[in-house]
Amino acid sequence: MAYSELIKNFDRIRTYMREFYVYGFRSRSEISEKSIRSYDEERRHIEDYLGEHMGFRIGPEGKQVFLSIDARSSAHNPLYSAWKSKSFTDGDIFLHFTLLDILHDTDILLTQQEIMERMEDYNSFFANPITLDESTIRKKLKEYTQLGLLVSEKQGRRVLYHRPPRPALLPFRDAIAFFSEVESCGVVGSFLLDTLPEEDVFVYKHHYITQAMDSQVCLQLLMALREGRFAAMKTVTRRSKIQRNTVITPLKLYVSTQNGRQYIVGWDVLEKQMKSYRLDYIRSVKPGEVDADFKEKKGLLLEMGKHLWGVSFGTGGSLTHVEFTVGFGAYEQYIYERLLRERRCGKVERLSQNTARFTADVYDSTEMLPWIRSFICRILELHISDPAVEKKFFDDLNAMYEMYSVDT
Amino acid sequence: MLFSEIYSTYYKTVSILLKLAAKGELTEKRMRQEIKAHAYGESALTIIPALTSEQWQLMNRELQTPIVHQKERPYTNLELRFLKTISQDPRMALFETETRLSELEELRAVKPLFLPEDVVYFDQYLDGDPYRDHRYQEVFRRLLKSIHEGSAVDILYEGPRGIKSYSCFPYRLEYSEKDDKFRVLVKWSKGTMTLNLARIQEAAPGTEQAQTYKMSLSQAVSYGNSKCVLELVDERNALERVLLHFAHLEKTAEQLDGRHYRVTLLYDHNDETELVIRILSFGPMVRVVEPESFVNLIRERLYAQRKLEQ
């Protein structure tokens, strides 16, 4: 089959975009997601959508394709462009423009029969007009009504279709541009922005664009969450890529501003415990029935959330006490301020002019180790009530001394 | 449904072409230009024949169209629900002047996709900007207006050594999700600089009103001008953690052997201290190998820590 820029299904491109953007060092033969043919096809698609950001180098295993994007160099998330590549039939595009042209004003109300009659005028423009049967047009009208592009209303036994009123969004263009980058499911904002004149006024720092690829999963989970529904999910394990089915009550979306990872935190129905799932490991989501105990579960997460450093609930439900003291000079008050602004669920106590103590009781203290390490050169004391975690911190520190030849 | 042809690049581009055709302004050359500007790399190969061969029945071979009333498509329920969601974000107040988004008639009965309370930015810093503060909002709006106009502003700024005044041209607003802060990038008599919005006491229309100044995105942003090379062992999922953590920077990664990788990062020199801290947080999984000056920055901190233990 001839190559087409447009695609039917987003799942495959989601996998490859992640591969090229996050990793970008594996060759065609090493990426075994599907087949060599599908690799070539998806690489070409991504090159079409993001050509200016794509590069390659020759490694020992062959050509390695990568996407390299400085997030500050784009006013809009470049990965959104893949969401605008859905394929369509000749009939789809004909009906889209013709239907909306026939119903070009909100005060034009027509039945399906009347629409079909007016369509004749459009058909007569062409020597070999497209023939669409009644059911195709009915399905399209139904689809557009469900999407909100058209409104149907009953007058007696007649069903009339018309355009809905369209809000004037020009005064909010800057806001939409901003939220399309920083809000969850921002790709929807990007769709809106496509209908408005372009002018960029924002740049972004610490901006993680990878969330774009998980937008569908994110949207479905947030919608299930808002309605208090169960969600059946197909997930894959990180290393072995084994697929498993699970059902959760989604309660909150947890987003990291420091690495862009997104997690759905909720009650795992099968395991009967609070859990978090990374969105990039969720293949699909199907909303289920309303969970009668939604409020109680949400309340439980609110309580447990007071002891979450990141997204891990640890094992066994017990809390670990973490405590460390940092020292700083007279002109280094910003270190104290750093503790205050980065403390999350912890507490900071000023011990003296030049020292401060941080304390927290958390479900998983291993999640805290990277942050504690960022205070290396100032840590005066450290105690973790889980001895294994405390040992891990000091073992790692000793390994770093050795690695950088820091002698006693 | 998120993945729909309604939002597609092709529909958007065809819409532009049909408007031009309706006005009798479409030529094959113009068609190519518009497709190049709005669609993908190879789109012309599909769109032009599909339109000019009457395959899509939207235009004839003479580039005339029966679609003569075309207006922008209505917004979908999904789009309206997204608007309702952002209308409830506290940062929305920064943008609203006469009309509030949530008060638009078309959004009154719309349910939001989700609420701000449904999303937790768990590692965001706690001293974010005061979005509800009226003075802050006024400063934000003044700067936004000046950026659009390319006009000058006079700023009173609370710096580390007291209040200073600057006459400058703001050209971009920079937002950091991690810091939850806006900064403004400005051009002034001594070059360019970045000011924290929350520290601006006052921003008034500038005295240099006769001039205007605009900057393209490529000029506006200082790209990664420094390089740092890391080597890592893929233990405790270090490879993925490092690559995701630094995903926002321009970078390349290569496999050295089984579990060893080399990652090259390009960063802005002004962010060097932050990068040192971030690399330290990965512990012994990551080792800086180049440049030597960066290796020394890590080493100095380790020395200082070692001294504290003695």
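Residues take numbers from 1 onward in each chain, read along the sequence in its written order. The lettering of chains begins at A and the numbering of ligands begins at 1, in the order of writing. pLDDT decides what is reported in this predicted model: residues at 70 or higher carry local features, side-chain atom pairs at 80 or more are listed and counted, and totals for whole chains, interfaces and linings draw on all residues regardless. Side-chain numbers come from the whole structure's heavy atoms, not from hydrogens or water.

Our next topic: the interface of chain B and chain A. Taken together, the contact pairs 137 residues of chain B with 151 residues of chain A. The junction of chain B with chain A conceals about 13,700 Å² of combined surface from both sides, 61% of it contributed by carbon and sulfur atoms. Should a side-chain nitrogen of Lys or Arg be within 4 Å of a carboxyl oxygen of Asp or Glu, the pair is scored as a salt bridge. If you look at where chain B meets chain A, you find 13 salt bridges. Measuring nitrogen to oxygen at the nearest pair gives 3.0 Å for the salt bridge that ties K205 of chain A to D271 of chain B. Here a polar contact is recorded for every N or O atom pair within 3.5 Å, except that within protein the pair must consist of a potential hydrogen donor and a potential acceptor, and residues adjacent in sequence are included only if both atoms are side-chain atoms. The tally of links between chain B and chain A comes to 70 residue pairs in polar contact (both at pLDDT 80 or more). Take the side of chain B that touches chain A: its biggest share by element is 11 residues, from helix α9 (residues 292–309) of chain B. All amino acids are sorted into three groups, where Ala, Val, Leu, Ile, Met, Phe, Trp, Tyr, Cys and Pro are nonpolar, Asp, Glu, Lys and Arg are charged, and the leftover types, Gly among them, are polar. The residue inventory of the side of chain B that touches chain A, partitioned by class, reads 65 nonpolar, 31 polar and 41 charged. We call two residues in contact when some of their heavy atoms are within 4.5 Å. Here the buried area means the combined drop in accessible surface, using a 1.4 Å probe, for two parts upon being joined, counting both sides. Going along the chain from the N terminus, every DSSP run of H or I of four or more residues is numbered as a helix, and every run of E of two or more is numbered as a strand.

Here we take up the domain arrangement of chain A. Residues and elements named next belong to chain A. What marks off one domain from the next here is an automatic or database domain assignment. According to the domain assignment, chain A consists of domain 1 (11–69), domain 2 (70–207), domain 3 (210–304) and domain 4 (320–403). Centre-to-centre, using C-alpha coordinates, domain 2 lies 30 Å away from domain 3. Contacts between the two partners involve 9 residues from domain 2, matched on the other side by 13 residues from domain 3. Carbon and sulfur atoms make up 63% of the area that domain 2 and domain 3 hide from each other, which totals about 770 Å². The largest per-residue losses of area from domain 2 upon contact with domain 3 belong to L79, W83 and C185, which jointly make up 57% of the total buried on that side. Put simply, domain 2 and domain 3 have 0 salt bridges between them. Here domain 2 is connected to domain 3 by 2 residue pairs in polar contact (both at pLDDT 80 or more). By residue class, the composition of the side of domain 2 that touches domain 3 is 5 nonpolar, 3 polar and 1 charged.

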